[in-house]
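Residue-level structure breakdown
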Amino acid sequence: MGKKEKAEEQSANPLVAVVMGSKSDWDTMRHADETLTEFGVAHECRVMSAHRSPGLASEFASTAESRGVEVLIAAAGGAAHLAGVMAAHTTLPVLGVPMKSDALNGLDSLLSTVQMPGGIPVATLAIGKPGATNAALFAVSILANSRPELRKKLHEFREAQEKKIRETVL
Ligand code: RP5
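Report follows, based on the coordinates. Quantities reported herein were computed from a predicted structural model and do not represent experimental measurements. (Residues numbered from 1 in each chain as written. Predicted model: local features only at pLDDT ≥ 70, side-chain atom pairs only at ≥ 80, totals over all residues. Heavy atoms only, no water.)

Let us look at a nonpolar patch on the surface. Residues Leu-104, Leu-107, Leu-111 and Val-114 make up a contiguous nonpolar surface patch of about 350 Å² in total accessible area. Leu-111 gets classed as partly exposed once you look at its relative accessible area, which sits at 44%. (Patch = residues over 30% accessible without salt bridge, like charges linked within 9 Å, V, L, I, M, F, W, Y side chains within 5 Å. Areas by Shrake-Rupley, 256 points an atom, 1.4 Å probe, with all protein chains shown as cover. Salt bridge = Lys/Arg side-chain N within 4 Å of Asp/Glu carboxyl O. Buried < 20%, exposed > 50% of the residue type's maximum accessible area, 1.4 Å probe, protein only.)

The following block contains the structure:
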C-alpha cells in the first residue's frame, strides 16, 4: 500500500481528531499526525478556531462522539480557547496542546489551555513540538486500554527509545 492510500485509510472512521486554531499551527501539529500514523491509528486533522469559526468548532465537538471519535487533540496559540471549547461540547477526553506564540513564547497559550474551571477538564501537554508528539502518544495510550495490539506497539516504542539512549556514544 502506498503512502497516500495508507493516509486515506487512516483518515476513514477516525478514532482521534486533531484540531488546530490555524493552518500556522500545522508545522507543530504535524508531529501529532506523524506519531498517530506511525502507530497506525485512524485519525483526521482539521483547522477550526474557537474565535474565528465558533460555529464549526462547537458543531465538530458536539458530533465527534457520534462519529466514532474517541479522543480529541486540540491545539491553539495566544488566547488559546480551542481545547476548552471542545471540552465544553463533549465528554470525550480532550488533550490540549499550547502553541508557541510570538508575543509570549507560548506561556499565554499554556495558561489559556491549562486553566480550565473545575467540571470541564482539558489534559494539557507541553508547549509546542513535545506537546504535539506527547498528545498523540497519550491518545494511543488511552486507546490501548481496550486494544492489546496498540498496547504492544507502545511497549515496543518505549523499548526502542530506551535502546537508543543506552547505545548512545558521545
Ligand atoms: C490561534 O492564533 C491559532 O491557534 C494560532 O496559534 C494563533 C495565530 O493564528 P494565525 O494568526 O497565524 O492564523 O488562534
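Here the narrative resumes.
Moving on to the packing of aromatic side chains. What the rule picks out here adds up to one aromatic pair. Arranged with centres 5.6 Å apart and planes meeting at 55 degrees, the rings of Phe-39 and Phe-157 form a pair that is tilted. Of this pair, Phe-39 sits in the loop between α2 (26–38) and β2 (43–47) while Phe-157 sits in helix α7 (residues 148–166), and the two are 118 residues apart along the sequence. Since its relative accessible area comes to 3%, Phe-39 is described here as buried. Since its relative accessible area comes to 21%, Phe-157 is described here as partly exposed. In this arrangement the basic side chain of Arg-67 is found over the ring face of Phe-60, its NZ or CZ atom lying 4.6 Å from the centre. (Phe/Tyr/Trp six-rings, centres within 6.5 Å; stacked < 30°, edge-to-face > 60°. Helix = DSSP H or I, 4+ residues; strand = E, 2+ residues; numbered from the N terminus. Lys NZ or Arg CZ within 6 Å of the ring centre and 35° of its normal.)

Let us now look at the side chain of Arg-147. Tracing the backbone shows Arg-147 in the loop between α6 (129–144) and α7. Look at Arg-147 and you get buried, because its relative accessible area is 17%. A polar contact of 2.8 Å, which involves the side chain of Arg-147, links it to the side chain of Glu-70. Beyond its immediate chain neighbours, meaning those up to four positions away, Arg-147 contacts Leu-15 and Glu-70. (Polar contact = N/O pair within 3.5 Å; in protein donor to acceptor, adjacent residues only side chain to side chain. Contact = heavy atoms within 4.5 Å.)

Taken as a whole and assessed by the stated rule, the structure comprises seven salt bridges. Arg-67 is the salt-bridge partner of Glu-44, the closest N and O atoms lying 3.2 Å from each other. Here Glu-44 is found in strand β2, whereas its partner Arg-67 is found in the loop between α3 (54–64) and β3 (71–76), with 23 residues between them in sequence. Owing to a relative accessible area of 15%, Glu-44 belongs among the buried residues under this scheme.

A word on the site of the ligand. Looking at the ligand, the residues that line it are Gly-21, Ser-22, Ser-24, Asp-25, Arg-52, Ala-76 and Gly-77. The separation between an oxygen atom of the ligand and a polar side-chain atom of Arg-52 is 2.8 Å. Within the contact set of the ligand, an oxygen atom lies 3.1 Å away from a backbone nitrogen or oxygen of Gly-77. Burial of the ligand by the protein amounts to 64% of the accessible area it has alone, namely 360 Å². Split by residue class, the shell around the ligand holds one nonpolar, four polar and two charged. (Near = heavy atom within 4 Å. Nonpolar A, V, L, I, M, F, W, Y, C, P; charged D, E, K, R; others polar.)

Formed by 26 residues in total, the largest nonpolar core has its most connected members in Val-16, Met-29, Leu-36, Val-41 and Ile-73. Of all the elements in the fold, those that place two or more residues in this core are β1 (16–20), α2, β3, β4 (94–98), α6 and α7. Tallying contributions element by element places α6 first for this core, with eight residues. Residues Ala-61, Ala-74, Ala-80 and Leu-82 belong to the second largest nonpolar core, which totals 20 residues. (Core = buried A, V, L, I, M, F, W, Y, C linked by side-chain atoms within 4.5 Å.)

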